[in-house]
Amino acid sequence: MHITLIAGARPNFIKISPIINAIKKRQSEGADIQYSLVHTGQHYDKLMSGLFFEELNIPEPDVNLAAGSGTQAEQTASIMVAFEKYLMEHPTDLVLVVGDVTSTMACSIVAKKMGIQLAHVEAGIRSFDMSMPEEINRIVTDSLADYFFITSDFAKENLKKNGVPDEKVFFVGNVMIDSLLANQPRLRRPEIFDSLNLQDGKYIILTLHRPNNVDDTNNLVDVLSTIDSNVNGVPVVFPIHPRTEQRLKGADYNFANIRFVKPLGYLEFIYSIKHSMAVITDSGGITEETTIMHIPCMTLRDNTERMETCTVGTNELIGTNPRNLIPALKNLFDGKWKQGGIPKMWDGKTAERIVDVILKEFGR
Ligand code: UDP
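Anyway, here's the lowdown on the structure attached to this text. As the structure is a prediction and not an experimental result, all values here were calculated from the model.

The rules we used
Residues numbered from 1 in each chain as written. Predicted model: local features only at pLDDT ≥ 70, side-chain atom pairs only at ≥ 80, totals over all residues. Heavy atoms only, no water. Pairing = 2+ DSSP bridges. Helix = DSSP H or I, 4+ residues; strand = E, 2+ residues; numbered from the N terminus. Expected span 1.5 Å × (residues − 1). Buried < 20%, exposed > 50% of the residue type's maximum accessible area, 1.4 Å probe, protein only. Polar contact = N/O pair within 3.5 Å; in protein donor to acceptor, adjacent residues only side chain to side chain. Axes fitted to C-alpha atoms, helices over the stretch in contact; angles between N-to-C directions. Parallel < 35°, antiparallel > 145°, perpendicular 65-115°, else oblique. Left-handed = near helix turned anticlockwise from the far one by under 90°. Contact = heavy atoms within 4.5 Å. Phe/Tyr/Trp six-rings, centres within 6.5 Å; stacked < 30°, edge-to-face > 60°. Near = heavy atom within 4 Å.

1. A few points about the sheet that holds strand β7 (residues 169–171)
An order of β3-β2-β1-β4-β5-β6-β7 is seen for the 7 strands of this open sheet, with the pairing classed as parallel. The open sheet is flanked by β3 (63–64) and β7, the only strands paired with a single partner. Bridge count for strand β1 (residues 2–7) against strand β4 (residues 94–98) is 3 bridges, and the pairing is parallel. Residue pairing across strands places T4 opposite V95, the latter belonging to β4.

2. Some thoughts on helix α10 (residues 217–229)
Given 3.6 residues to a turn, an α-helix orients residues that are three or four positions apart in the same direction. Taking 1.5 Å per residue, 13 residues should reach 18 Å; α10 reaches 18 Å between its end C-alpha atoms and fits that length. Among the residues of α10, L220, V221, V223, L224, T226, I227 and D228 are the ones counted as buried. The backbone nitrogen of N218 has a side-chain oxygen 2.9 Å away, supplied by the residue at the start of α10, namely D216.

3. Side note on the packing of helix α12 (residues 266–274) against helix α13 (residues 285–292)
Running from N to C, α12 and α13 cross one another at 55 degrees; their axes reach a closest spacing of 10 Å. The angle between the axes of α12 and α13 places the two elements in the oblique class. Between α12 and α13 lies a crossing whose hand is right-handed. Residues Y266, F269, I270 and I273 of α12 form the contact with α13, whose participating residues are I286, E289 and T290.

4. Brief notes about the sheet that holds strand β11 (residues 278–281)
As summarised here, the arrangement of the 6 strands in space is β10-β9-β8-β11-β12-β13, forming an open sheet in which the pairing is parallel. The open sheet has two free edges, formed respectively by β10 (258–261) and β13 (315–317), since each of these has just one partner strand. For this sheet, the mean angle separating the axes of adjacent strands, direction not counted, is 20 degrees. Bridge count for strand β12 (residues 297–299) against β13 is 3 bridges, and the pairing is parallel.

5. Details of the packing of aromatic side chains
When we look at a pair of aromatic rings, we describe it by the centre distance and by the angle of the planes. Enumeration over the complete set of coordinates arrives at 9 aromatic pairs. With a centroid separation of 5.3 Å and an interplanar angle of 15 degrees, the aromatic rings of Y253 and F255 are classed as stacked. Given a relative accessible area of 32%, Y253 falls into the partly exposed group. Through pairs of rings, three or more aromatic residues link up here, namely F238, Y253, F255 and F260.

6. Points about the site of the ligand
Residues in close proximity to the ligand total 19 residues, the closest being R210, L264, S283, G285 and E289. In the model, an oxygen atom of the ligand is placed 2.6 Å from a nitrogen or oxygen of the R210 side chain. Backbone polar atom of G284 to an oxygen atom of the ligand: 3.3 Å apart, as the coordinates give it. Elements represented by at least two residues in the shell around the ligand include exactly α1 (10–28), α12 and α13.

So this is what it looks like as structure tokens:
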């Protein structure tokens, strides 16, 4: 059988890498499974894309659809047009999409309209916040998928409510965690930590890129000022997402504790979280990474599609009002942050379970 794998943006690369490794493993054991890798080109610069292919040993994609940046509709449209053409020339048995980015949704629509079976990895998660483009991507993708690979009981309940039959839903765990566990021996301390004089356990990591937090420059500066004034002098390392960097261009600010750095490669970023005192973020994936490493995490969002990171893990929803960070930071400095546990099946074997389900479903 043949699978076409889709990856378009930074979090996708981290999720697709273990799936490719699991396919290769089963191939070496004689399983009848071939794959092609489609890079949609949604993220294209070295620090958001190329570096992840190198660090995670992801093979060169079979094609790059070069979608590039643009509005939501422009990106969706250019991915759809290019992927339809590709699929016409390169037939496949199954299209597999991961996560919730624009590429996930765009390629799902194309595959289904061409009558091709569709598998969604990280299906069923919901923030119930329709102002997030990712929530729309999730809902559309899950309304089309044939196979649903899920990370949590919350995802199972959401899919059940949407009428998805149980036999199409496979609780397999979390591919992000596969990558994180597999790469532990390869983690690297970022070189820039020396010039910033950072010591393990004595800095905070900050990431922000969601429209709610960054699109309004005044609001963004207000969030950063609140953090800056309430960290008791602890350095805050801020690997700045290109989207956020754009918004800060020309803004007037001066922070005593925030250290702006370029986005870090995966191996350096995971090292940075693992040795941090805490993480402040609006990312979804990072709340999973802090959970497995028992690092306190404050999420600057009103909701999460990854509830298990709060109910089981170390994550706490702070909301988008930065003032809420003040008591949360106090809790951290008072040593009162929860230790957290590890959600079900976060064991590094998710990708193998996914490939085994596919082989079984396709009778190979
Ligand atoms: N990440 C990284 N370098 C950075 C920031 C994040 O490698 O400078 C990784 C992080 O470990 C996580 C993923 O990128 O695996 C999260 O991506 P992002 O925040 O863009 O997406 P989201 O999780 O919000 O969908």
